[in-house]
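Per-entry structural report
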Amino acid sequence: MDLLYRTVDLHCQANNSAHHTSDISTEELIIRRGQSFLLNLELPRPFNPNTDQLHFTVKTGSRASEDLGTQSAFGIPESHVTRSPGAKAKWRAELDTTSSPALGRVTLAVTPPANAPVGNYYLTMERGDKEASLGRLVVLFNPWCPEDWVYLPEEEERQEYVLNEHGVIYKGTNKYISSVPWDYGQFDEDIMDICMKILDVNPKYLRDPTDDVSARCNPIYVSRVVSAMINSFDDAGVLVGCWGKPDRRGVPPSMWSGSVEILKQWRRNGCHSVKYGQCWVFAGVMCTVMRCLGIPCRVVTNYQSAHDTDKSLTVDVYYSDFGVRPKESKDTIWNFHVWVEAWMKRPDLEGEGGNYDGWQVLDPTPQEKSKGVFCCGPASVKAILDGHTHLKYDSPFVYAEVNADVIDWLLMFNDPKQQLCSDTKRVGQNISTKSIGSNKRQNITATYKAREGTELERNTFKHAITRDYSLEGHARHKISVNREGLGTEAEEEEEQENAEGGRSIGNGEITVEENEEENAVVPTAPLPQMVVMQIEEASTPISGQDVHLKVTLSSEDRVPRSLSLRVNAQTMLYTGVPAANVLTKIEEHTLQPGRALSVAVVIPFSVYGEHLFDCDSMNISVLATDQNHPKLVYLAENNIVLQDPPISITVKGVARLYHQLEVDVAFSNPIQETLQNCSFHVSGSGLLINPVEASLPDLKPGRRIRLVLAFTPYRIGKKILVVDFDCSTFRDVKASVTIDVQLH
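Just so it is clear, the model here is predicted, and its values are computed rather than measured.

Within the chain, the regular secondary structure consists of 13 helices and 39 strands. For the chain, the proportion of its 744 residues judged to be buried stands at 59%. Sequence separation of at least 24 residues holds for 66% of the intrachain contacts in the chain that already meet a minimum separation of 6. Total accessible area on the chain is roughly 29,900 Å²; 48% of this is exposed by carbon and sulfur atoms.

On to the pattern of salt bridges. With the rule as written, the count across this model stands at 31 salt bridges. A salt bridge links E165 to K719; the nearest nitrogen and oxygen atoms lie 3.6 Å apart. Residue E165 is located in the loop between α2 (155-163) and β10 (166-172), and its partner K719 is located in strand β38 (residues 717-726); the two are separated by 554 residues in the primary sequence. Here E165 and K719 have matching classes, each one buried. Here the salt bridges do not stand alone but share partners, grouping D614, D726, R731 and D732 into one network.

A separate point is the packing of aromatic side chains. Scanning the entire structure with this criterion turns up 17 aromatic pairs. Between W334 and Y574, the aromatic rings sit 5.4 Å apart at their centres with planes inclined by 80°, giving edge-to-face as the arrangement. Here W334 is found in strand β16 (residues 332-344), whereas its partner Y574 is found in the loop between β28 (561-572) and β29 (578-591), with 240 residues between them in sequence. Ring centres of F667 and F725 lie 4.0 Å apart, and the angle between their planes is 20°; this geometry places the pair in the stacked category. Separated by 58 residues along the polypeptide, F667 in strand β34 (residues 661-668) and F725 in strand β38 bring together distant segments of the chain. For the residue pair F667 and F725, the accessibility class agrees, reading buried in each case. An aromatic cluster is defined as three or more aromatic residues linked by ring pairs; in this entry it consists of F56, F74, W91 and Y121.

Right, let's talk about the sheet that holds strand β26 (residues 531-537) for a bit. Taken in spatial order, the three strands make up an open sheet running β26-β27-β30, and their pairing is antiparallel. On the outer flanks of this sheet lie β26 and β30 (597-603), each paired with one strand and no other. Here the strands of the sheet are splayed against their neighbours by 20° on average, with no regard to which way each runs. Sheet analysis places β26 next to strand β27 (residues 547-555), joined by seven bridges and oriented antiparallel. By the bridge assignment for β27, Q534 is matched with T552.

Now for helix α6 (residues 219-230). Helix length check: α6, at twelve residues, gives a terminal C-alpha distance of 16 Å against a target of 16 Å (1.5 Å per residue), a fit within 8%. For α6, the tally of buried residues reaches twelve of twelve residues, placing the bulk of the element in the interior. Regarding α6, the residues found buried are P219, I220, Y221, V222, S223, R224, V225, V226, S227, A228, M229 and I230. Capping the start of α6 is the job of one residue whose side-chain oxygen sits 2.8 Å from the backbone nitrogen of I220: N218.

Turning to the sheet that holds strand β6 (residues 92-95), a few remarks are in order. Read from one edge of the open sheet, four strands run β1-β3-β7-β6, paired in antiparallel fashion. Each edge of the open sheet is held by one strand with a lone partner, namely β1 (7-9) and β6. Neighbour-to-neighbour, the strand axes of the sheet open up by a mean angle of 25°, direction not taken into account. In the sheet, strand β3 (residues 37-42) pairs with strand β7 (residues 105-111) via six bridges, with the strands oriented antiparallel. Paired with F37 across the strands is V110, a residue of β7.

Residues V226, V238, W280 and L293 are the most contacted members of the largest nonpolar core, which totals 69 residues. If one sorts the elements of this core by residue count, helix α8 (residues 279-293) sits on top with twelve residues. Setting aside residues up to four positions removed in sequence, V238 forms contacts with I198, M229, I230, N231, I262, L263, W266, S273, V274 and V285. In this structure, V531, L597, I649 and F667 belong to the second largest nonpolar core, which totals 68 residues.

Turning our eyes to something else, we now look at the environment of Y205. Of note, Y205 is situated in helix α4 (residues 203-207). Setting aside its immediate chain neighbours within four residues, Y205 contacts L199, D200, D212, V213 and R216.

On to the side chain of D724, then. Along the polypeptide, D724 turns up in strand β38. A residue is classified by how much of its surface remains accessible, and D724, at 1% relative accessible area, is buried. Side chain to side chain, D724 and K734 meet in a polar contact 2.7 Å long. Not counting residues within four places of it along the chain, the set of residues in contact with D724 comprises S254, M255, S679, F680, H681, D732, V733 and K734.

For the rest of this paragraph, the subject is unusual backbone geometry. Here the amide bond leading from K275 into Y276 is cis, since omega sits at 5°, within 30 degrees of zero. For D190, which is not a glycine, the phi torsion comes out positive at approximately 80°. As for its position among the elements, D190 is in the loop between β11 (177-183) and α3 (191-200). A residue is classified by how much of its surface remains accessible, and D190, at 31% relative accessible area, is partly exposed. The phi torsion at K371 lies on the positive side, around 55°, for a residue other than glycine. When you line up the elements, K371 lands in the loop between β17 (358-362) and β18 (379-380).

Along the polypeptide, K90 turns up in the loop between β5 (71-76) and β6. With 17 residues separating them in the primary sequence, K90 and A73 have C-alpha atoms 7.5 Å apart. Beyond its immediate chain neighbours, meaning those up to four positions away, K90 contacts S72, R83, T111 and P113.

Quick look at the side chain of R561 now. Residue placement: R561 occurs in strand β28. Polar side-chain contacts of R561 include one of 2.4 Å to the side chain of D626. With near-sequence residues (within four places) excluded, R561 lies in contact with M530, V531, S555, H589, T590, L591, D626, L632 and Y634.

Another point: the environment of I444. If you trace the backbone, I444 turns up in the loop between β22 (441-443) and α11 (455-465). A residue is classified by how much of its surface remains accessible, and I444, at 3% relative accessible area, is buried. Distance from I444 to V300, taken between C-alpha atoms, is 8.9 Å for residues 144 residues apart in sequence. Setting aside residues up to four positions removed in sequence, I444 forms contacts with R298, V300, E341, I431, S432 and T433.

About the criteria used
- Residues numbered from 1 in each chain as written.
- Predicted model: local features only at pLDDT ≥ 70, side-chain atom pairs only at ≥ 80, totals over all residues.
- Heavy atoms only, no water.
- Helix = DSSP H or I, 4+ residues; strand = E, 2+ residues; numbered from the N terminus.
- Buried < 20%, exposed > 50% of the residue type's maximum accessible area, 1.4 Å probe, protein only.
- Contact = heavy atoms within 4.5 Å.
- Areas by Shrake-Rupley, 256 points an atom, 1.4 Å probe, with all protein chains shown as cover.
- Salt bridge = Lys/Arg side-chain N within 4 Å of Asp/Glu carboxyl O.
- Phe/Tyr/Trp six-rings, centres within 6.5 Å; stacked < 30°, edge-to-face > 60°.
- Pairing = 2+ DSSP bridges.
- Axes fitted to C-alpha atoms, helices over the stretch in contact; angles between N-to-C directions.
- Expected span 1.5 Å × (residues − 1).
- Polar contact = N/O pair within 3.5 Å; in protein donor to acceptor, adjacent residues only side chain to side chain.
- Core = buried A, V, L, I, M, F, W, Y, C linked by side-chain atoms within 4.5 Å.

Next up, the structure:
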């Protein structure tokens, strides 16, 4: 039998290590485009480089074509390779110096081009009409290659945004910023195959697999496909969204602590969508897929995030005369919203010198359609900063999320709605991401917009609302009507990150209690500013305990003011939608001139506990009405997040690869009620092959429950163990610990 070769060695371990893919596998060849890999062939006869030839072909997709870049011929010598005149994505090979051709031992350095489509490839060797398979390989994007559109210059950034499997995602509110650990696990077993499966079941592939596979050379295209496939609205996407109370057939979004379990369940269920996700879950899963494919990616949280449905760049918020939010507007302001940024070049956008290269916003949460599909982006962060909302993709929507103006309206019984104020600063607070090399929060607000209150920021806003000329008349009309007769903006106060006190607004006064780039409010009528109102914490709000607040009022007037105070507390979904009214009371007070008035507000746990279970925060609002001048109305509000009770995690001993390790997990009941339906859920890539679910007995008041967990770490390096405690009263309390797994 005339063999084309005797043996082949793809050097999977050495090649994968050089290509930063050895954490995925050392048994399968996984390479990054634009970078060479070594291939050893033992031929049945000596090889003469001057007279002999070697011919190879790589193919990806079912209908591979050189003209589409999904097939390439290459060989030794290059001058004897025959290709189509329109061939794209040309692979090349060189004879490595370690070869021994006289002995028939040939080592080739094979280089896939930096624009090769990512995906599964098959490599064959040919001679005449004979063909022999050399094996399968996977090609990924390459942030280490300057010619690749996803090239990221700094090594520490590549380590963080491509190779780091663990992170934190920020939640809460702009004054109560909290973080949850997230296990991305992009190199966990089977995850790469699942990511390839996501590409292969997307609607564009099902309609035209040839064009779809060819387009996978482009990270812009791939990122839009992934953005659409993470949600289930148009396709067999990974996650079903749920912003109400989830049914028992699914997992509450707050329970998830990482992406691996979700992705594996999606594939295990035959590519049927997993229930349920919300924005941080969608973003966490998308970050896993992007990093696995080789596209640098990070998760970003925007506080006070606007959802502008009509591209007017303004959002309407309604209050009743009791201070509550009585109706849900089509436009909303979420406490926070989470998306991802991916790093890539944008040669498809106008501008010289790559003005729009770099971080791009991608949002897999299904909110609005983009070109008929529920996806969002990539939108250049630089374009958002400059107000260039005419540029693709979805720039007006993203711009509004971080910089829309807010109109507050008061709805009176049997009276037309009354405009309280126009707020230019409320939206887009403390835009945050994880810092490189640590779990510290990095504020990246300045990459999205100029400092609030500056002339540059206002000019950029005016520029942004006129970019899409088909909307110019509508947008300008809405802005001009709402601002008619308004005065100048309040001067910016010194920034106070995580400052307490909330907002105070009204049609006769303005007060701004600022945090990092906090709110500035513009009065709607030329009335004197006579009352300043502020809501503060009397003590740290902790879930399971009564909430103690203090409302402080002061007046610059020289006569006493008779005020009616209407205090309201509502539990809130993080999307800014009220869930339940938990407290409403009316008090009459007299505000003396030159003296502050302090009013205590207590919200008992017995009142709010059951309503906070599926909610993220509690909004406290106080509406003060001057009894002598009923048209003078003042509103203050503060959206608070209650701290969860703690979980204790103790690691016993030193973690070593393939050696059993014990961890002690404990939780104490802090309330005077028995906790029912208690459970621990423990997960961690590299530590636990499968998550551990432990059902626990009821936990009486003041009692402590422990779980001793034994497992065998299977990957070296720093890994994160995440613990979730759930019960009838506290929903998905989380804690984590970093475990450094040693080789010996």
